[in-house]
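# Coordinates in review
In case you want the letters, here they are:
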Amino acid sequence: MQYKHAFHAGNFADVHKHIALLQLIHQLSRKAKGFLFLDTHAGAGQYDLGGTDARQSGESHAGIARLQQAATGSATVHPAIADYLSRIDRFRATSGSRHLYPGSPLLAASALRAGDVCIAIESQAQISRALQRAFDQHGALFELLPRVENVDGYAAIKRLLPPTLRRGLVLIDPPYEAADEEKNIAAALGDGITRFESGVFVLWYPIKRQHEADLFTARLLRGISRPTLTLEMCINPADHSAGLNGSGMLVINPPWQFDVDAQGWQPQLLQLLGGTGDATVKWLIHE
């Protein structure tokens, strides 16, 4: 899978991923003690949906644009979806551009508290600098000072875990370009859980064919015994001929009632996006 995020920013998978991420942060924030948020593949932080790359793909029209339009005409919008949309509006107001779309590190930082820690890892120097500029531009939206590191995200898991705060959320959202990506993900999850057994680890993965996605998550969980679930939202029926049918989130050590909450917002999100597939919550390793 070739993946340049500027082409896909704001598509249905981004919307799904970002709502899930914000809900994980919301659940962890129910306890007063701070926690680490570590984004191993942070990207540029913000994307211009009116730019050449985004306009070429047009994917955001079926994602964030469609959701905003549908939510405006909906009588009741789930709080998780409403919170996400309000954050998008605030970022656009800060930038002065109605075409801005924030990536995972900026959205996460906007939801974190002063006592939390945010570390965003980006391996490409030019993109890392763009991420720092994005944080600087939107600093008024954050209660904390995010840290950007230009290093390998998988290696950062070994170096930064366990966190001194003893609580943490690790987002792994790789580009799925390298031939050994699955091997690297599996090793990172294994290392991470060994070092930080109680940490929340979340991996975004694409769903093209359901059977292939099921095998992928099963292989990643070999040797892992911690409670694990998946959130999957397929905009098209399983195994549709479209290239990307769905968005998956593998969550290890999910916070209490995260699954119950997702059973509320995922189906509505699918409906608002006009999806014809399924929205599911599956426990792969039960608590």
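The structure reproduced in this document is the subject of the present report. (Residues numbered from 1 in each chain as written. Predicted model: local features only at pLDDT ≥ 70, side-chain atom pairs only at ≥ 80, totals over all residues. Heavy atoms only, no water.)

### Observations concerning the overall build of the chain
Definition in use: Helical segments are the DSSP runs of H or I of at least four residues, strand segments are the runs of E of at least two, and each set is numbered from the N terminus. As defined in this context, the radius of gyration uses C-alpha atoms, and a globule is described by 2.2 Å times the residue total to the power 0.38. Any residue under 20% of the maximum accessible area for its type is buried, any over 50% is exposed, and the rest in between are partly exposed; the area is computed with a 1.4 Å probe on protein chains only. It only takes one pair of heavy atoms within 4.5 Å for two residues to be counted as in contact.
When helices and strands are tallied, the chain shows 11 helices and 10 strands. Computed over its C-alpha atoms, the radius of gyration of the chain comes to 17 Å, within 12% of the 19 Å expected for a compact globule of 287 residues. With respect to the three principal axes, the spread of C-alpha positions in the chain is 45 × 40 × 40 Å. In the chain, which comprises 287 residues, the share counted as buried stands at 55%. The contacts in the chain between residues at least 6 apart in sequence include a share of 80% that link residues at least 24 apart.

### Examining the packing of aromatic side chains
Quick reminder of the rule: By convention, a stacked pair of Phe, Tyr or Trp rings (six-membered ring in the case of Trp) has centres within 6.5 Å and planes under 30 degrees apart, an edge-to-face pair has planes over 60 apart, and any other such pair is tilted.
Evaluated as defined, the whole model comprises six aromatic pairs. For the pair phenylalanine 91 and phenylalanine 142, a centre-to-centre distance of 6.5 Å together with 50° between the ring planes defines the contact as tilted. Placement of the pair is phenylalanine 91 in helix H5 (residues 79-95) and phenylalanine 142 in the loop between helix H7 (125-137) and strand S5 (147-149), with a sequence separation of 51 residues. No difference in accessibility class separates phenylalanine 91 from phenylalanine 142, as the two residues are buried. Note on tyrosine 176 and tryptophan 204: the rings are 6.1 Å apart at their centroids and 65° apart in plane angle, and the pair reads as edge-to-face. Placement of tyrosine 176 in the loop between strand S6 (168-172) and helix H9 (181-195) and of tryptophan 204 in strand S7 (residues 200-207) is noted, with a sequence separation of 28 residues between them.

### A few points about the environment of histidine 26
Relative to the helices and strands, histidine 26 is located in helix H2 (residues 12-28). We classify histidine 26 as partly exposed; its relative accessible area is 43%. Taking the C-alpha atoms as reference, histidine 26 lies 15 Å from asparagine 253; in sequence the two are 227 residues apart.

### A look at the pairing of strand S8 (residues 228-234)
Side-chain positions along a regular strand alternate between the two faces of the sheet. Basically, it comes down to this: Any two strands with at least two DSSP-identified bridges between them are counted as paired.
For S8, the buried fraction is high: seven of the seven residues fall into the buried class. Here S8 shows no split at all, with Thr228, Thr230, Glu232 and Cys234 on one side and Leu229, Leu231 and Met233 on the other all buried. Here S8 runs beside strand S9 (residues 246-252); their pairing, made up of seven bridges, is antiparallel. In the sheet register, methionine 233 faces S9, and the bridge partner there is serine 247. The pairing of S8 with strand S10 (residues 279-285) spans six bridges and is antiparallel. What sits directly across from glutamate 232, in S10, is threonine 280.

### What about helix H6 (residues 104-111)?
A large share of H6 lies buried, amounting to eight of its eight residues. Among all positions in H6, only Ser104, Pro105, Leu106, Leu107, Ala108, Ala109, Ser110 and Ala111 are buried.

### Considerations on the sheet that holds S10
Inclusion rule: Fitted lines through C-alpha atoms serve as axes, helices being fitted only where they are in contact, and the angles separating the N-to-C directions of these axes extend from 0 to 180 degrees.
Strand order in the open sheet made by the eight strands is S5-S4-S1-S6-S7-S9-S8-S10, with mixed pairing throughout. Sheet topology places S5 and S10 at the edges, where each strand pairs with a single neighbour. Across the sheet, the mean angle from the axis of one strand to that of its neighbour is 15°, orientation sign disregarded. Relative to the sheet, H7 contacts strand S4 (117-121) and S5, its axis offset from that of S5 by approximately 175°.

### Some remarks on the pairing of S7
To keep things clear, this is the line we draw: By convention, a crossover is right-handed whenever its connection, traced from the first strand over the helix to the second and viewed with the strands pointing away, goes clockwise.
Extensive coverage of S7 is indicated by the burial of eight of its eight residues. Burial of the side chains of S7 extends over both faces: Val200, Val202, Trp204 and Pro206 are buried on one face and Phe201, Leu203, Tyr205 and Ile207 on the other. Where S6 lies against S7, four bridges are found, and the strand directions are parallel. The residue of S7 that forms the bridge with leucine 169 is valine 200. For the crossover from S6 across H9 to S7, the handedness is right-handed. In terms of strand pairing, S7 meets S9 through seven bridges, oriented antiparallel. When the sheet's bridge partners are listed, proline 206 is paired in S9 with serine 247.

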